[in-house]
Amino acid sequence: RPLSMDSKNLTIALAGNPNSGKTTIFNNITGTRQKVGNWPGVTVAKKEGQVKKYGYDLKIIDLPGTYSLTPFSIEEIVARNYILDERPDVVIDIIDASNLERSLYLATQLRELDCKVVFALNMADLARSRGMKIDAKKLTQLLDVPVVFTVGNKNEGIDDLLRQTIQLAESDAKTPKIRKVKYNQDIENSITRLHQFIDEKADGTLPYNIRWTAIKLLEDDKIIKERILKIAGDLGLQILQTTQALRKHLQQRFDDDPQVVMTDERYGFIAGIIKEVQTSSTKQRVDISRNIDLVLTNRFIGFPIFLFFIWAMFQ
C-alpha cells in the first residue's frame, strides 16, 4: 500500500547479535540526532534517535546486542522487556548474513513473541565474498517476514529497509502464524495443555501471547513466573503448579531439562531453514581446498604438519 504523507509517529526497535552491524545501521539511520542514557535501573547504555522519513517521525531504539532473548544476562532482560512492555510498532532484526545459523536463533525467538519483525540481512557483501548465497525470497516465504539485504558500513539498503518497515507497521496484517518452531509431540502436548488451562482460567488477564507464555513457563523462565504471580495472584499459583507437573513429566520423558530439549529443537528448525535458503558456491569450496593444499604442500611447513599428524595417529 502507498506510504502516507501525513506525519505520523512510529517506534522502531533494532535488535541483533553483537557485531552484527546493528550500531552502524542505527548511526546511518539517525545520524547526529541521537540521545544516549541508561536503561531504567541498570547501567546498560540506552541509545535512541529521531528521524523524519517518508512523512513519518520515526523513533529508533537501539536495543542491547544479544544472541537470544533467554533472560540470563542483563542485556537479554532489557531487550526482551522493552519488546514485551513497550510494544514497538516494528522490530528490525539485524542478521549477520555471513553467519546465518547463529543469527537466526534470536530471529526465531522474536518470531515466537508475535511482534511485527523485519529481517535485515546485513554484511551481504561479506557473505557474497565467502561464496554464500541466501535466497531472501524463499526466506520471506518460509517465515512470512519481510527480508532486506543491507551493507551497513556502506549505507546500502537502508532506505529500502525503512520503507519495508513503515509498510509493515501500517499494514493490517496480523503477525504471521506459519512456520514457527513446532516442537516434538510430547512438548507440543504440554504446550497445548498449559495453553488451554491458562486460556480457560485467566480470561484474558495475562498481558502476553498465551502460547509464548506457556513455552516460557515450561522453560522455567523466572521473570515470567514472577510476573504471572504478581498479575494473577492465586490463579497464578495454580498456573505454576500445573506447569511444574508438566515440567516433571517432560523431565522424566527426556531425562533432561525441557529448556535444553526445546533449545535443541529450535536449532533443528533453524538448520532446516538454512538448508532451504543458503547455498555455498563451488568456487568457495574450491578456494578452501586450494588453500589447504597450499599449506600442506608448502616446502617449509608441509613436512612438519605431516609428521604431526603421524604422531597424533599413534597417541
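Residues numbered from 1 in each chain as written. Predicted model: local features only at pLDDT ≥ 70, side-chain atom pairs only at ≥ 80, totals over all residues. Heavy atoms only, no water.

## Structural notes on unusual backbone geometry
If a residue is not glycine, its phi is most likely negative; likewise, a peptide bond is most likely trans. The backbone of R87 sits at a positive phi, close to 50°, despite the residue not being glycine. Take R87: it is sitting in the loop between α2 (74-86) and β5 (90-96). One non-glycine residue, N155, lies in the positive phi region at around 60°. Here N155 shows up in the loop between β8 (147-149) and α6 (158-170). (Helix = DSSP H or I, 4+ residues; strand = E, 2+ residues; numbered from the N terminus.)

## Describing the pattern of salt bridges
Note on pairing: side chains with opposite charge can pair once their charged atoms come close. This structure, assessed with the given rule, holds 19 salt bridges. Of the charged contacts in the structure, one is a salt bridge between R247 and D257, with a shortest N-O distance of 3.2 Å. In this pair, R247 sits in helix α10 (residues 234-254) while D257 sits in the loop between α10 and α11 (258-277), placing the two residues 10 residues apart along the sequence. Several salt bridges share partner residues, and in doing so they unite K35, K46, E48 and K59 into one network. (Salt bridge = Lys/Arg side-chain N within 4 Å of Asp/Glu carboxyl O.)

## With respect to the environment of F254
Along the chain, F254 falls in helix α10. Owing to a relative accessible area of 24%, F254 belongs among the partly exposed residues under this scheme. Sequence separation between F254 and D186 is 68 residues, and the spatial gap between their C-alpha atoms is 9.5 Å. Setting aside chain neighbours within four positions, we find F254 in contact with N184, D186, I187 and V261. (Buried < 20%, exposed > 50% of the residue type's maximum accessible area, 1.4 Å probe, protein only. Contact = heavy atoms within 4.5 Å.)

## Remarks on helix α1 (residues 22-30)
Taken residue by residue, α1 has K22, I25, F26, I29 and T30 as its buried positions. Buried positions in α1, seen along its axis, are confined to an arc of 115° and lie on one side of it. Remark: G31 follows α1 within two positions and exhibits a positive phi of approximately 60°. (Arc of directions from axis to C-beta.)

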